[in-house]
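Summary of the model geometry
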Amino acid sequence: MPTILLLNGPNLNLLGTREPATYGYTTLADVENESRAHAQKLGFELEAFQSNHEGALIDKIHEAGRRFKAGEITGVLFNAGAYTHTSVALHDAIAGVKPLPVIEVHISNVHAREAFRHHSYISPVAAGIVVGFGTDGYLLGIEGLARKAKASAAAAPKP
Ligand code: DQA
């Protein structure tokens, strides 16, 4: 089955107990399970990975790029957490594995928060962005990725 990779960055392992007024009470395990169920409804398998380490996230993106070329991965849903606002290295990793589609997700509306959250190094290399829908944003991102995959399959030249 075509596979979507769900990547979560730093501090997202604390979902459910971390600043609940901003991020809610849904845990990362809940997010991963709900995302998998939603992906399966749309005909995709879902693999989930979380890390607090920038290099581990970069390695996963490189691996996803290789698996995309091999036809094993449809795309990536990525909440880079605070690395969104700091990481040129993650920007370069995503740029380096194009055309792998990476959808940027944020639980909170980062634009309604502190100024340092208004800039994203991920957005210029993202295939789409979902911001401010709480943890439902992961489901919306999966929906978007599935639609993009179907649209590009329909547009591909027939053998
Ligand atoms: C976040 C927003 C980031 O600014 C923050 O550092 C996070 C979570 C979100 O999902 O709303 O860790 O990416």
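This write-up is about the structure you can find in this document. Because the structure is predicted, anything quoted here is derived from the model rather than measured. (Residues numbered from 1 in each chain as written. Predicted model: local features only at pLDDT ≥ 70, side-chain atom pairs only at ≥ 80, totals over all residues. Heavy atoms only, no water.)

Quick look at the site of the ligand now. In the vicinity of the ligand, the contacting residues are Arg18, Tyr23, Asn79, Gly81, Ala82, His85, His106, Ile107, Ser108, Val110 and Arg117. For the ligand, an oxygen atom lies 3.0 Å from a polar atom in the side chain of Arg18. Residue His106 places a side-chain N or O atom 2.8 Å away from an oxygen atom belonging to the ligand. Looking at the shell around the ligand residue by residue, the class counts come to four nonpolar, five polar and two charged. (Near = heavy atom within 4 Å. Polar contact = N/O pair within 3.5 Å; in protein donor to acceptor, adjacent residues only side chain to side chain. Nonpolar A, V, L, I, M, F, W, Y, C, P; charged D, E, K, R; others polar.)

The five strands lie next to each other as β2-β1-β3-β4-β5, forming an open sheet whose pairing is parallel. Strand pairing shows two members of the sheet lacking a second neighbour, β2 (45-50) and β5 (128-131), which therefore form its edges. In this sheet, neighbouring strand axes are inclined to one another by 20 degrees on average, regardless of whether the strands run parallel or antiparallel. Both strand β4 (residues 102-106) and β5 contribute to a ladder of four bridges, which runs parallel. Following the sheet pairing, His106 is matched in β5 by Val131. Sitting on the sheet, helix α2 (residues 28-41) is in contact with β1 (3-8) and β2, with an inclination near 160 degrees to β2. (Pairing = 2+ DSSP bridges. Helix = DSSP H or I, 4+ residues; strand = E, 2+ residues; numbered from the N terminus. Axes fitted to C-alpha atoms, helices over the stretch in contact; angles between N-to-C directions. Contact = heavy atoms within 4.5 Å.)

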